[in-house]
Amino acid sequence: MADPKGFLTHDRELPARRPVDVRIRDWREVYEDFPKPALTKQAARCMDCGIPFCHNGCPLGNLIPEWNDLVYRDDWREAIERLHATNNFPEFTGRLCPAPCEAACVLGINSDPVAIKRVEVEIIDRAFSEGWVTPQPPEAKTGKRVAVVGSGPAGLAAAQQLTRAGHDVVVFERADRIGGLLRYGIPEFKMEKRHVDRRLEQMEAEGTEFRTGVNVGADVTVAELREEFDAIVLAGGATAWRDLAVPGRDLKGVYQAMEYLPPANRDMAASPISAEGRHVVVIGGGDTGADCIGTAIRQGAASVTQLEIMPQPPAARPDSQPWPTYPMLFKMESAHEELEAGAGDRVYAVSTTEFLGDEDGNVRALRLVEVEGPANGFRQVPGSEREIPAELVTLAMGFVGPEKGPLLTGLAALASRDFFDPRGNVARGTSYETAVDGVFAAGDMGRGQSLIVWAIAEGRSAAAAVDEYLTGRTALPVAIPPTARSLV
């Protein structure tokens, strides 16, 4: 235990965000540097519990008490070794994960939990700055070839594990650059892409090959892929988005979030879909909606309004979501802070009923109505309908599963049993294997829309299954089975 009295003498503290009026003028990450003494105090708050529930909250099984103790003792070199033992990409999870580990922290029963994510970020950033993150090429090659389809966190984790096990791994990505949603779905103000690039440099030095601009199933057929590779890992994510079937949906200016965010991330200065001078409405109250808010504000939107069909969440953990589950609480992300500081608002318990257009077919407003629910469905409140200006609308309502394109339909035609589960995701057996021999599935493509830590955990675990399939044994760790679910 780092400091037996740490949780009694130190309060939870996080780094300050840069002032709103400063940070909305650029695309850099919003947090300021965190002084080392403050970080040491946060690590000291960890109680090294007899049963560390943070391990259960995190599907990666991160050794959180161990690296908190090492940071407190100023042993940063060993801390990154313990962190990398379970997590290939802590620079991603420390910035993007909503931290179910903190929700499960024992200290959180009657106090504020340990600032686990912040300690994690500081460890990996220190490791990169000190030159401790170096390539780890395999000692011997197996002669086996593995294709990984998709370069998001699940695909990258599987690829790195399999490369280090000695296989020749090729990662296919249909976009022009590697990273999946890490690259084009996550704005710079949440994670600067230099963090992705430096990890890719390590992976290339280890021997992983990346092929961009390849739509597997179309540019490369299923038959060609199976002929060239001994095993295939499907890690294309759950990218089929949920739509909003209301009148006026086809008006110009109504976009899916993943139609709006990628162009902005490709060219922050001159996106073809710009919010500049427009009244923007973001439909959906989750993280993707927050990304749209922050992007629109930086593009110079005249106003931004976020709509959410659910009622406003509580500020404190409700009895229906007891510790150590992950509670659905009211969050003040950096984008929400920027929203409230400017011409914007968050509106809860409303449903969009129609988009209204001008004579040129452009969206000019939307009509919404207040709703009661969600128990027994959402019921419209009579007399509550109203219009709000909307010259750019983004739909950030989540995803419904993987795209059923030529890759998945082609594999489904070869399947010995049902290739999809009842929810439309790729069905897996106990070892991430699909209904086609030699084909495995990891991440959201098999699990459905989930968190980055689940994607990395599945990528690591699927890699172990592939390694055993190819060689008859494996020394790679298995973080979770494909049937694992979060604490509820």
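Residues numbered from 1 in each chain as written. Predicted model: local features only at pLDDT ≥ 70, side-chain atom pairs only at ≥ 80, totals over all residues. Heavy atoms only, no water.

Trainee: How should I be thinking about unusual backbone geometry in this particular structure?
Mentor: Most of the time, phi is negative for any residue but glycine, and the peptide bond is trans. Cis rather than trans, the peptide bond between Trp323 and Pro324 has omega equal to 5°. As for its position among the elements, Pro324 is in the loop between β8 (303-308) and α16 (334-341). The amide bond that connects Gly373 to the next residue, Pro374, takes the cis arrangement and shows omega of 10°. For Pro374, the position within the fold is in the loop between β11 (363-372) and β12 (379-380). Unlike most non-glycine residues, Asp74 shows phi in positive territory, near 65°. Inspection of the secondary structure puts Asp74 in the loop between α5 (64-72) and α6 (76-84). (Helix = DSSP H or I, 4+ residues; strand = E, 2+ residues; numbered from the N terminus.)

Trainee: Is there a simple way to explain the packing of helix α3 (residues 36-44) against α5 in this structure?
Mentor: Helix packing for two helices is described by the angle between their axes and how far apart those axes are. Remark: α3 packs on α5, axes separated minimally by 8 Å, with the N-to-C direction vectors making an angle of 140°. By the angle between their directions, the pair α3 and α5 is classed as oblique. α5 is crossed by α3, and the crossing has left-handed handedness. Counting all contacts with α3, which are made through Leu39, Thr40, Ala43 and Ala44, the residues of α5 involved are Asn68, Val71 and Tyr72. Broken down by class, the residue content of the contact of α3 with α5 amounts to five nonpolar, two polar and no charged. (Axes fitted to C-alpha atoms, helices over the stretch in contact; angles between N-to-C directions. Parallel < 35°, antiparallel > 145°, perpendicular 65-115°, else oblique. Left-handed = near helix turned anticlockwise from the far one by under 90°. Contact = heavy atoms within 4.5 Å. Nonpolar A, V, L, I, M, F, W, Y, C, P; charged D, E, K, R; others polar.)

Trainee: Whenever I open this one, the sheet that holds strand β4 (residues 231-234) confuses me. Can you help?
Mentor: Remark on secondary structure: sheet strands pair via backbone hydrogen bonds, oriented parallel or antiparallel. In space, the five strands of this open sheet follow the order β3-β2-β1-β4-β16, with parallel pairing throughout. The open sheet has two free edges, formed respectively by β3 (209-212) and β16 (439-441), since each of these has just one partner strand. If you compare each strand with its neighbour and ignore which way they point, the axes differ by 20° on average. As paired strands, strand β2 (residues 168-173) and β3 are joined by four bridges and run parallel to one another. Looking at the pairing, Val170 lines up with Glu209 of β3. (Pairing = 2+ DSSP bridges.)

Trainee: Looking at this model, I keep getting lost on helix α9 (residues 116-130). Mind explaining?
Mentor: Residue pairs three or four apart in sequence face the same way in an α-helix, which turns once every 3.6 residues. Between its terminal C-alpha atoms α9 stretches 21 Å, which fits the 21 Å expected from 15 residues at 1.5 Å a residue. Within α9 the residues assigned to the buried category are Ile116, Arg118, Val119, Glu120, Val121, Glu122, Ile123, Ile124, Ala127 and Phe128. Two residues or fewer after α9 comes Gly131, characterised by a positive phi angle close to 80°. (Expected span 1.5 Å × (residues − 1). Buried < 20%, exposed > 50% of the residue type's maximum accessible area, 1.4 Å probe, protein only.)

Trainee: Before we go on, may I ask you to explain the state of the cysteines in this structure?
Mentor: The bond known as a disulfide is covalent and runs between the sulfur atoms of two cysteines. Inspection of the entire model under this criterion finds zero disulfides. Free of any disulfide, Cys46 has its nearest neighbouring cysteine sulfur in Cys54, separated by 6.3 Å. Classification of Cys46 by relative accessible area gives buried; the value is 9%. Cys97 takes part in no disulfide bond, and the closest cysteine sulfur to it belongs to Cys101, at a distance of 6.3 Å. (Disulfide = S-S within 2.5 Å.)

Trainee: Would you mind going over the packing of aromatic side chains with me for this structure?
Mentor: Two descriptors summarise a pair of aromatic rings, namely the distance from one centre to the other and the angle between the planes of the rings. The tally for this structure, following the rule as stated, stands at seven aromatic pairs. Ring plane angle 90° and centroid distance 5.3 Å describe the contact between Phe419 and Phe420, whose orientation is recorded as edge-to-face. The exposure class of Phe420 is partly exposed, given its relative accessible area of 25%. In this structure, Arg118 is placed above the aromatic ring of Tyr31, and the distance from its NZ or CZ to the ring centre is 5.7 Å. In this arrangement the basic side chain of Arg198 is found over the ring face of Phe128, its NZ or CZ atom lying 3.8 Å from the centre. (Phe/Tyr/Trp six-rings, centres within 6.5 Å; stacked < 30°, edge-to-face > 60°. Lys NZ or Arg CZ within 6 Å of the ring centre and 35° of its normal.)

Trainee: Help me understand the pattern of salt bridges in this model?
Mentor: Within the structure shown, the criterion is met by 38 salt bridges. Between Glu337 and Arg17 there is a salt bridge, with the nearest N and O atoms lying 3.7 Å from each other. Here the residue Glu337 occupies a position in helix α16, and Arg17 occupies one in the loop between α1 (6-9) and α2 (20-23), the gap between them amounting to 320 residues. Residue classification places Arg17 among the partly exposed residues on the basis of a relative accessible area of 22%. (Salt bridge = Lys/Arg side-chain N within 4 Å of Asp/Glu carboxyl O.)

Trainee: Just checking my understanding: could you explain the sheet that holds strand β7 (residues 279-283) for this structure?
Mentor: With parallel pairing, five strands are arranged side by side in an open sheet as β6-β14-β7-β8-β9. Taken across any chain shown, the strands that pair with only one partner, and hence form the sheet edges, are β6 (254-256) and β9 (344-348). Each neighbouring strand pair of the sheet contributes to a mean axis angle of 20°, computed without reference to strand direction. Pairing analysis gives four bridges linking β7 to strand β14 (residues 392-395), with the strands arranged parallel. When the sheet's bridge partners are listed, Val281 is paired in β14 with Val393. Across the sheet, α16 is in contact with β8 and β9; its angle to β9 comes to roughly 115°.

Trainee: What exactly am I supposed to notice about the environment of Pro135 here?
Mentor: As for its placement among the helices and strands, Pro135 is situated in the loop between α9 and β1 (145-149). With residues near it in sequence (within four places) discarded, Pro135 still touches Gln202, Ala205 and Glu206.

Trainee: I keep staring at the pairing of strand β10 (residues 350-357) and nothing clicks. Help me out?
Mentor: Successive residues of a regular strand alternate their side chains across the two faces of the sheet. As judged from the seven bridges shared by β10 and β11, these two strands associate in the antiparallel manner. In the strand pairing of β11, Phe355 is matched with Leu366. In this structure, the hairpin formed by β10 and β11 is closed by a connection of five residues, where Gly361 is found at a positive phi of approximately 85°.

Trainee: Any chance you could explain the environment of Leu487 here in plain terms?
Mentor: By the secondary structure assignment, Leu487 is in the segment after α19 (452-471). A relative accessible area of 34% places Leu487 in the partly exposed class. Note: C-alpha distance between Leu487 and Arg25 (462 residues apart in sequence) is 39 Å. Sequence-distant contacts of Leu487, defined by excluding residues within four places in its chain, comprise Asn56, Gly57, Pro324, Thr325 and Tyr326.

Trainee: Hey, could you run me through the packing of α9 against helix α12 (residues 194-206) in this one?
Mentor: Look at α9 against α12: their axes get within 13 Å of each other, and the N-to-C directions meet at 55°. If you check the angle between α9 and α12, you find them oblique. Both α9 and α12 take part in a crossing whose hand is left-handed. Across from Ile124, Asp125 and Phe128 in α9, the residues of α12 making contact are His195, Arg198 and Arg199. Across the contact of α9 with α12, the residue classes tally to two nonpolar, one polar and three charged.

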